[in-house]
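# Coordinate inspection notes
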Amino acid sequence: MAFIAGGYIPIPPRSSSILTLIQEYKYYSEKNGHQVDIFNHQDVRQVIDSIDRDRYDFIHLHAGGFVSEFNQNLYQRFCFTSHAGHLFQLDRWDDAFKQEFQSYLNAPGIIALSPASQQLFLDAGYSGYISTQINGIDAQKINRQERGNGKAICLGWIQPRKQQRLLAETLDGKLAIDFVGPLDDPDFREGVTTKYLGIWSLADVYHRLTEYSCLVLISSGEIAPLVVLEAMAAGLSIVVSASASANLHLKDFIKVLPDNILRDRTPEHQQIICESIASSIDENHLYRQEIADYIWNNFDFNHTIKNYERIIEEFINLD
């Protein structure tokens with residue numbers, strides 16, 4: 001088996017990323033008897049040459065920018081998963097992504113990250129093999145303590161799409177929240193109660209997330225963020241935007257807000273945001289064990305890998 005990233009993620013990854021997910025798939029696939037190679041190079045032709053030389057049984061591509069070249073030059077069938085954050089926001093597609101998306105529709109197989117994204121491809125006219133495999137995590141790697149510290153955290157790449165700047169401006173002076181992640185928004189500023197703690201390693205994420213009571217991710221575009229699952233495995237309640245809520249169920253410890261609620265800037269919406277986070281923090285101690293159990297029963301790799309194995313078998317045995 002071959003898993004392919006896009007070559008822009010360092011090894012080991014600094015925090016949760018597509019490569020983190022791929023490495024977990026490698027571990028659990030090898031536990032089930034497969035031999036797995038990971039490719040994380042920016043030279044797509046080099047990757048194609050290596051794959052065709054070794055003739056893999058199953059190939060799973062996780063780099064959208066490689067799909068066109070794979071379609072044209074890879075001799076073997078492959079499956080593709082899109083991790084594009086704005087996949088559902090068609091008004092945000094620039095010309096380059098519109099062209100890239102057309103190449104997705106010609107891929108031999110698509111493994112969607114949610115039923116909604118599978119339906120998006122079908123609605124766009126995709127007619128090849130398609131199935132859904134939700135993201136999973138190795139829950140046992142994540143530390144969990146009985147109580148949080150009564151604070152919120154926003155963990156992830158700090159960039160305009162994820163709207164951390166707007167979140168900080170909304171919460172400053174009202175609620176304490178820490179921001180962690182690579183800083184890629186020049187307009188982001190700390191405030192009185194909104195602090196930037198820098199970058200955590202993946203080990204830091206797994207060990208320190210549980211110190212908090214609530215994770216906040218009110219992003220304008222996500223596909224199926226791992227950090228949400230990791231936070232719940234650590235016992236945190238979550239407040240997320242609709243686009244960051246893929247595959248989640250209706251639960252008291254999950255609060256879902258509209259994607260645009262930060263941009264509207266109305267006093268009513270700001271109050272909803274503050275109250276949602278404050279109540280999630282206050283109630284978190286009631287749910288921490290239930291939250292962890294929910295992740296274990298629905299998103300732990302020991303369970304999700306079974307569906308992935310089914311997908312591999314189906315794709316390999318296509319006529």
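The notes below deal with the structure included here. Small disclaimer: the values here were computed from a predicted structure and weren't measured.

## A look at the environment of Leu236
For Leu236, the position within the fold is in the loop between helix H8 (226–233) and strand S11 (237–241). With a relative accessible area of 0%, Leu236 lands in the buried category. Leu236 sits 25 residues away from Glu211 along the chain, and the two C-alpha atoms are 8.8 Å apart. Setting aside its immediate chain neighbours within four residues, Leu236 contacts Ile153, Leu209, Thr210, Tyr212, Ser213, Cys214, Leu215, Ala231, Asn284, Arg288 and Ile291.

## Comments concerning the sheet that holds strand S3 (residues 59–61)
Ordered by their spatial adjacency, six strands build an open sheet running S2-S1-S3-S4-S5-S6, and the pairing between neighbours is parallel. Lying at the two open borders of the sheet, with one neighbouring strand each, are strand S2 (37–39) and strand S6 (129–132). Sheet topology note: the strand S5 (residues 109–112)/S6 ladder contains four bridges and is parallel. For Ile110, the partnering residue across the bridge sits in S6 and is Ile130. Its contacts with the sheet place helix H1 (residues 18–31) against strand S1 (2–4) and S2, and it is angled at close to 170° to S1.

## As for the packing of H1 against helix H11 (residues 301–316)
As a packed pair, H1 and H11 sit with axes 11 Å apart at the nearest point and diverge in direction by 80°. On the basis of their axis angle, the class for H1 and H11 is roughly perpendicular. Contacts from Leu21, Glu24, Tyr25, Tyr28, Ser29 and Lys31 of H1 reach H11 at Phe301, Asn302, Ile305 and Tyr308. Partitioning the contact of H1 with H11 into residue classes produces six nonpolar, two polar and two charged.

## What about H8?
With respect to burial, H8 is a largely interior element, eight of its eight residues being buried. Looking only at H8, the buried set comprises Leu226, Val227, Val228, Leu229, Glu230, Ala231, Met232 and Ala233. In the stretch just after H8, Gly235 is the one whose phi turns positive, near 100°.

## Details of the state of the cysteines
All chains considered together, the criterion is met by zero disulfides. The closest cysteine sulfur to the non-disulfide-bonded Cys154 is located on Cys214, 10 Å from its own sulfur.

## Regarding the pattern of salt bridges
Applying the stated criterion across every chain, the model contains ten salt bridges. A salt bridge links Glu169 to Arg265, with the shortest nitrogen-to-oxygen separation between them at 2.6 Å. On the criterion of sequence distance, the pair formed by Glu169 in helix H6 (residues 164–171) and Arg265 in the loop between helix H9 (261–264) and helix H10 (267–299) is long-range, its members being 96 residues apart. Relative accessible area serves as the criterion here: at 38%, Arg265 is assigned to the partly exposed category. Bridged by salt links that share partners, the residues Arg161, Lys162 and Glu222 form one connected network.

Conventions used here
- Residues numbered from 1 in each chain as written.
- Predicted model: local features only at pLDDT ≥ 70, side-chain atom pairs only at ≥ 80, totals over all residues.
- Heavy atoms only, no water.
- Helix = DSSP H or I, 4+ residues; strand = E, 2+ residues; numbered from the N terminus.
- Buried < 20%, exposed > 50% of the residue type's maximum accessible area, 1.4 Å probe, protein only.
- Contact = heavy atoms within 4.5 Å.
- Pairing = 2+ DSSP bridges.
- Axes fitted to C-alpha atoms, helices over the stretch in contact; angles between N-to-C directions.
- Parallel < 35°, antiparallel > 145°, perpendicular 65-115°, else oblique.
- Nonpolar A, V, L, I, M, F, W, Y, C, P; charged D, E, K, R; others polar.
- Disulfide = S-S within 2.5 Å.
- Salt bridge = Lys/Arg side-chain N within 4 Å of Asp/Glu carboxyl O.

Take it as geometry only, folks, not as evidence of what the structure does.
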